[in-house]
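# Fold and contact review
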Amino acid sequence: EPTVSIDETVYVNLDHYGKTSNVNIVKGCSPNGLTQFTDYGAYTSVRNMSNEVQPSQGADSVSWELSQPMNRFYYECTPKQEPTLPWTFDISYKLNGVPADPAKLAGASGLVEITIQAIPNKNAAQYYQNNLVLEVMATVDMADTLSIEAPGGQLQSMGSTTAAIFAALPGEEKEFTLRIGSNHFELGSITMMMEPAKLS
């Protein structure tokens, strides 16, 4: 019989220094004609992202009863226990060569240096340690930027924006450095993607 197929993406927000601040999992479901199904997971909260249907939540499960068949159904949940990721991060900052508080860098003039240490986590599941690659990316608006350097990384122009992209193989410890020269420093989020090392 048809069953519900689900793909999951774990979103982890880090603070300025690389420590986890919160974790959410977004689940994309293909119900395949079914309107009732149960997810056996322990969550502190669950949010329907597709419609107004409310779940029935147990101690270690969440059940859905959809009002009608759907092609795709999305919901977000916060796990009771944070997942053990295959890398941890330690991020530091300098302004003109001097260690700096990242909260005070917005609008700064000079050379901002961001160093990201990616440290393999031996407590992660063996599959994650052996099969996930790491990609670290930051995008910079070149309109207000004087220079950008990413030693050992790839700089990719996308119109008026430049992306700095770094990578690490499964289980590899790496240090990534991004240098941005600006009269008025501004940088959006830095994205770390951990994904299976396959190209099929």
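Being a predicted model, the structure only gives us computed values, none of them experimental.

This part covers unusual backbone geometry. The backbone of asparagine 32 shows a phi angle near 55 degrees, a positive value even though the residue is not glycine. Along the chain, asparagine 32 turns up in the loop between strand S2 (20-30) and strand S3 (36-39). Here asparagine 32 falls in the partly exposed class, since its relative accessible area comes to 42%. In this model, asparagine 96 sits at a positive phi of 55 degrees, which is unusual for a non-glycine residue. Of note, asparagine 96 is situated in the loop between strand S8 (87-95) and strand S9 (98-99).

This next bit is on the sheet that holds strand S5 (residues 56-57). Whether parallel or antiparallel, the strands of a sheet pair through hydrogen bonds between backbone atoms. The sheet built from three strands is open, its strands ordered S3-S6-S5 with antiparallel pairing. Since the sheet does not close on itself, it has two edges, and those belong to S3 and S5, each with one partner. In this sheet, strand S6 (residues 62-65) lies alongside S3 in antiparallel orientation, the contact comprising four bridges. Paired with glutamine 36 across the bridge in S6 is glutamate 65.

Rules used throughout
Residues numbered from 1 in each chain as written. Predicted model: local features only at pLDDT ≥ 70, side-chain atom pairs only at ≥ 80, totals over all residues. Heavy atoms only, no water. Helix = DSSP H or I, 4+ residues; strand = E, 2+ residues; numbered from the N terminus. Buried < 20%, exposed > 50% of the residue type's maximum accessible area, 1.4 Å probe, protein only. Pairing = 2+ DSSP bridges.

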